[in-house]
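Results of the structural survey
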Amino acid sequence: MTITDFEAAMKAAIPNSYPDAAPAGVRPCVVYSVYGFRPITGDDRNQMGIPKVQLDVLTRNSLDPLLDAVTDVLFDLELPYSVQ
């Protein structure tokens, strides 16, 4: 999966998702940012870099259904994630 595929899946499931920054005053929304890569090694060298993506889920309260929508997208795409 590419970053473009990920962005398309997020936009399809969550219309209020934005790369890098949300417009002023838009809540609830999801902001996603690529912040590095995890290398996959083989044959004594890096074969591929898997992008790391940070998702900031901005809600008005902790019970917002947007939280479940984000985890549903990640589950459907079979992407690993951790909640910080």
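Read on for an overview of the structure.

A word on the layout of surface pockets
The rolling of a water-molecule-sized probe over the atoms marks out the regions of remaining empty space. Taken as a whole, the largest pocket spans an internal volume of roughly 910 Å³. Those elements that place two or more of their residues in the lining of the largest pocket are helix 1 (3–13), strand 2 (29–42), strand 3 (45–58) and helix 2 (66–76). Looking at the lining of the largest pocket element by element, the count peaks at 8 residues for strand 3. Here the lining of the largest pocket is composed, by residue class, of 16 nonpolar, 6 polar and 2 charged.

Structural notes on unusual backbone geometry
The phi torsion of most residues other than glycine is negative, and most of the peptide bonds are trans. Here the amide bond leading from Arg 27 into Pro 28 is cis, since omega sits at -5°, within 30 degrees of zero. Locating Pro 28 in the fold gives a position in the loop between strand 1 (17–19) and strand 2. At Asp 44, a residue that is not glycine, the phi angle is positive and equals roughly 60°. By relative accessible area, Asp 44 is classed as exposed at 85%. Although it is not a glycine, Glu 78 adopts a positive phi angle of roughly 60°.

Definitions and cut-offs
- Residues numbered from 1 in each chain as written.
- Predicted model: local features only at pLDDT ≥ 70, side-chain atom pairs only at ≥ 80, totals over all residues.
- Heavy atoms only, no water.
- 1 Å grid on protein atoms, 1.4 Å probe; cavity = no way out; pocket = protein on both sides within 12 Å on 5 of 7 lines; lining within 4 Å.
- Points joined across faces, edges and corners; volume = space filled by probe spheres on them.
- Helix = DSSP H or I, 4+ residues; strand = E, 2+ residues; numbered from the N terminus.
- Nonpolar A, V, L, I, M, F, W, Y, C, P; charged D, E, K, R; others polar.
- Buried < 20%, exposed > 50% of the residue type's maximum accessible area, 1.4 Å probe, protein only.

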